[in-house]
Amino acid sequence: MVRLQELVRYAGKLLDAASFVDYAPNGLQVEGRESVHTLITGVTASVALLEAAIDAGADAVLVHHGYFWRGEDVCITGMRRRRLQLLLSNNIGLIAYHLPLDAHPVYGNNAQLARVLGIDIVDGFGAAAGPAIARYGRLPEPVSAAAFAQRVADRLGRPPLHVAAGPEQIETIGFCTGAAQDYLEQAAALGLDAYLSGEISERTVHQARELAIHYFAAGHHATERYGVQALGDHLAATFGILHRHIDIDNPA
């Protein structure tokens, strides 16, 4: 068992959360019981995840997508009220890390996606307000674009949308999980064969074709399942608590 505040302090320092200018608060978003014995992780703090966490006996829930996003209506009504009511009435804490969890070199979404897809990371790119988020790397050996698309489908459990616009063989690839399609131009400027993210915009297709680079849209949720799970495993091992990752299916 660990005190909630100690868990949050440790995670924030580990992820260097203070270095990021983010779209939502990082760290403890909703205070729950003082001590944590069972930690549940998931991608998004939806009602479905919270209900599953309650059934699992959670003391705290750790997610990538939490609450209180910049520009949102601040009124606690409807969906927001129901979500917060589930947490507060069950005395469960909510911890969220957004950009810090994308960027961490070991437990981050991009580091873990590279592990899953077998990409050797070379460096980061895409730094704006804070550390670089996106990564680029090399495949152990070149593969055809079709073969790489199949690898993504097999390992992430969903076929990517592939804009076939680059060379026949892929060896170098940039990637950034979630809604990071706008790093495509920077990936092309690095001379990479391909770029992979979670989402795609209408303009992305034209950009990929005109920049002569493959683009893979592999799903926002599908690309961001692994960082929060790795962080939860690490926190469980560090503090001797129970951890369970709950994946709420999301096709987007």
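What comes next concerns the included structure. Just so we're clear, the structure is a prediction, and the values are computed from it rather than from any experiment.

Remarks on the overall build of the protein
At step 1: Helix and strand counts for the protein come out as 10 helices and 13 strands.
At step 2: Computed over its C-alpha atoms, the radius of gyration of the protein comes to 19 Å, within 12% of the 18 Å expected for a compact globule of 252 residues.
At step 3: The dimensions of the protein, computed from C-alpha atoms along their principal axes, are 55 × 35 × 35 Å.
At step 4: When the 252 residues of the protein are sorted by exposure, 54% land in the buried category.
At step 5: For the protein, the proportion of contacts with a sequence separation of at least 24, taken over those separated by at least 6, is 67%.
At step 6: Carbon and sulfur atoms form 51% of the exposed surface of the protein, whose accessible area is close to 11,200 Å².

Details of the pairing of strand 8 (residues 134-144)
At step 1: As judged from the five bridges shared by strand 7 (residues 120-125) and strand 8, these two strands associate in the antiparallel manner. Its bridge partner being in strand 8, Gly-124 is matched across the sheet by Arg-135.

Quick look at the sheet that holds strand 5 (residues 60-65)
At step 1: With mixed pairing, the five strands of this open sheet are ordered in space as 2-6-5-4-13. Two strands in the sheet have a free side with no partner beyond their single neighbour: strand 2 (27-30) and strand 13 (242-245). When the angles between neighbouring strand axes are averaged without regard to direction, this sheet yields 30°.
At step 2: By the bridge criterion, five bridges tie strand 4 (residues 38-44) to strand 5 in an arrangement that is parallel.

Quick word on the packing of aromatic side chains
At step 1: Counted according to the given criterion, the structure contains seven aromatic pairs.
At step 2: For the pair Phe-125 and Tyr-183, a centre-to-centre distance of 6.1 Å together with 70° between the ring planes defines the contact as edge-to-face. With Phe-125 in strand 7 and Tyr-183 in the loop between strand 10 (169-176) and helix 7 (184-189), the pair connects residues that are 58 residues apart, well separated along the chain.
At step 3: Look at Phe-125 and Tyr-195: their rings are 6.4 Å apart centre to centre, the planes differ by 65°, and that puts the pair in the edge-to-face class. Highlighted residues: Phe-125 in strand 7 and Tyr-195 in strand 11 (residues 194-197), separated in sequence by 70 residues.
At step 4: Phe-125 gets classed as buried once you look at its relative accessible area, which sits at 7%.
At step 5: Three or more aromatic residues joined by ring pairs form one cluster here, namely Phe-125, Tyr-136, Tyr-183, Tyr-195 and Tyr-215.

Examining the packing of helix 5 (residues 109-117) against helix 10 (residues 226-239)
At step 1: Viewed as axis vectors pointing N to C, helix 5 and helix 10 meet at an angle of 100°, and their least axial separation amounts to 7 Å. In terms of axis orientation, helix 5 runs roughly perpendicular to helix 10. From helix 5, Asn-109, Gln-112, Arg-115 and Val-116 reach across to helix 10, where they touch Tyr-226, Gly-227, Val-228 and Ala-230.

Some words on the environment of Thr-177
At step 1: Within the secondary structure, Thr-177 sits in the loop between strand 10 and helix 7.
At step 2: Put simply, Thr-177 and Leu-99 are 78 residues apart on the chain and 10 Å apart in space, counted from C-alpha to C-alpha.
At step 3: Ignoring sequence-local partners within four residues, the contact set of Thr-177 consists of Asp-102, Asn-109, Asn-110, Leu-113, Ser-197, Gly-198, Thr-223 and Glu-224.
At step 4: Side-chain polar atoms of Thr-177 contact the side chain of Asp-102, separated by 3.3 Å.

A closer look at the packing of helix 2 (residues 47-55) against helix 3 (residues 78-89)
At step 1: Helix 3 packs onto helix 2 with a crossing angle of 15° between their chain directions and a minimal axis gap of 10 Å. Regarding the angle of helix 2 to helix 3, the classification is roughly parallel. Of the two possible hands of crossing, helix 2 and helix 3 adopt the one that is left-handed. Of helix 3, the residues touching helix 2 (which contributes Val-47, Leu-50, Glu-51 and Ile-54) are Arg-82, Arg-83, Leu-86 and Leu-87.
At step 2: Here the contact of helix 2 with helix 3 is built from residues that sort into five nonpolar, no polar and three charged.

Scoring rules and cut-offs
Residues numbered from 1 in each chain as written. Predicted model: local features only at pLDDT ≥ 70, side-chain atom pairs only at ≥ 80, totals over all residues. Heavy atoms only, no water. Helix = DSSP H or I, 4+ residues; strand = E, 2+ residues; numbered from the N terminus. Rg over C-alpha atoms; globule rule 2.2 N^0.38 Å. Buried < 20%, exposed > 50% of the residue type's maximum accessible area, 1.4 Å probe, protein only. Contact = heavy atoms within 4.5 Å. Areas by Shrake-Rupley, 256 points an atom, 1.4 Å probe, with all protein chains shown as cover. Pairing = 2+ DSSP bridges. Axes fitted to C-alpha atoms, helices over the stretch in contact; angles between N-to-C directions. Phe/Tyr/Trp six-rings, centres within 6.5 Å; stacked < 30°, edge-to-face > 60°. Parallel < 35°, antiparallel > 145°, perpendicular 65-115°, else oblique. Polar contact = N/O pair within 3.5 Å; in protein donor to acceptor, adjacent residues only side chain to side chain. Left-handed = near helix turned anticlockwise from the far one by under 90°. Nonpolar A, V, L, I, M, F, W, Y, C, P; charged D, E, K, R; others polar.

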